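# Structural overview for review
Here are the chains, one letter per residue:
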Amino acid sequence: MKNCFSKSISAIPVFLSLIFLASCASREDVVYFQDAGGFETIVNDNVPATKFKVDDLVSIHVSSLNPEASAPFNLYRGGTGGATGTPTDPVDYLIDQDGMIDFPVIGKLKITGLSPDDLRSLLRDRLSDYLKDPIINIQIRNYRITVLGEVERPGNYPVLGEQLSILEALGLAGDITLRGKRDNVLVIRDFEGTKIYQRVDLTSKDVMKSPAYYISQNDVIY
């Protein structure tokens, strides 16, 4: 009995050493941008702009120095609302299967493939006969991403703003767990009805040059 106990005690250092080696390996696996140097600058001239897609829900609000003149270009539930000051809910625009929205007074506009800045320029041009120096606020209301797999909080996340990196997306989900493979992250993107799959390696700084580094609305990160 005493001999068995001694053997068990002597095996403990070996067991602890194996745990230590495993923990060292896991720390190497969880480090991002392992090849990045100190005080290194990476310039990315190809930062993509968010583009409108079919089924996007877009909020467009037009204002000017003359509220009565700009009121017809804003839709509200229960009436125009804006000119009278009555608190009403604005109506968002759903991009149909042809990439179109039906804008008040102006009519049908195709906006798929345009960025919010492109759409502002288009609306300013179309509204020039009606308004002087209009202010146009645009937001994608259903900008969401889905993060799945070995992350702390997998799920669907709303995005405020027009730009999100893959690192920020993973941050929303609580980061990749110790079991997750940071060198094999899959981004699934829908582009005009076609699914695009791209794998990225987050342990390399070259990920910042990847088209998948900046996330698009409705992307799935796995």
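Check the entry above for the structure.
Structural notes, computed from the coordinates. (Residues numbered from 1 in each chain as written. Predicted model: local features only at pLDDT ≥ 70, side-chain atom pairs only at ≥ 80, totals over all residues. Heavy atoms only, no water.)

### Remarks on the pairing of strand β6 (residues 144–147)
Worth spelling out the cut-off: Strands qualify as paired when DSSP identifies two bridges or more between them. Numbered from the N terminus, helices here are DSSP runs of H or I no shorter than four residues, and strands are runs of E no shorter than two.
Where β6 and strand β7 (residues 155–158) come together, four bridges link them in antiparallel fashion. In the sheet register, I145 faces β7, and the bridge partner there is Y157. One ladder, built from two bridges, connects β6 with strand β12 (residues 220–221); its direction is parallel. Bridging from a neighbouring strand, T146 pairs with V220 of β12.

### A look at the pattern of salt bridges
To keep things clear, this is the line we draw: Salt bridge, as used here: a side-chain nitrogen of Lys or Arg that lies within 4 Å of a carboxyl oxygen of Asp or Glu. Partly exposed residues are those whose accessible area sits between 20% and 50% of the maximum for their type, while under 20% is buried and over 50% is exposed, using a 1.4 Å probe and protein chains only.
Under the criterion given, the structure shown has seven salt bridges. Here K108 ties to D96 by a salt bridge, and the two come within 3.8 Å at their closest N and O atoms. Remark: D96 occurs in the loop between β2 (93–94) and β3 (100–103) and K108 occurs in strand β4 (residues 107–110); sequence separation between them is 12 residues. Residue classification places D96 among the partly exposed residues on the basis of a relative accessible area of 25%. For R120, the salt bridge goes to E162, with nearest N and O atoms at 3.8 Å. With R120 in helix α3 (residues 116–127) and E162 in the loop between β7 and β8 (164–165), this pair connects stretches of sequence that are 42 residues apart.

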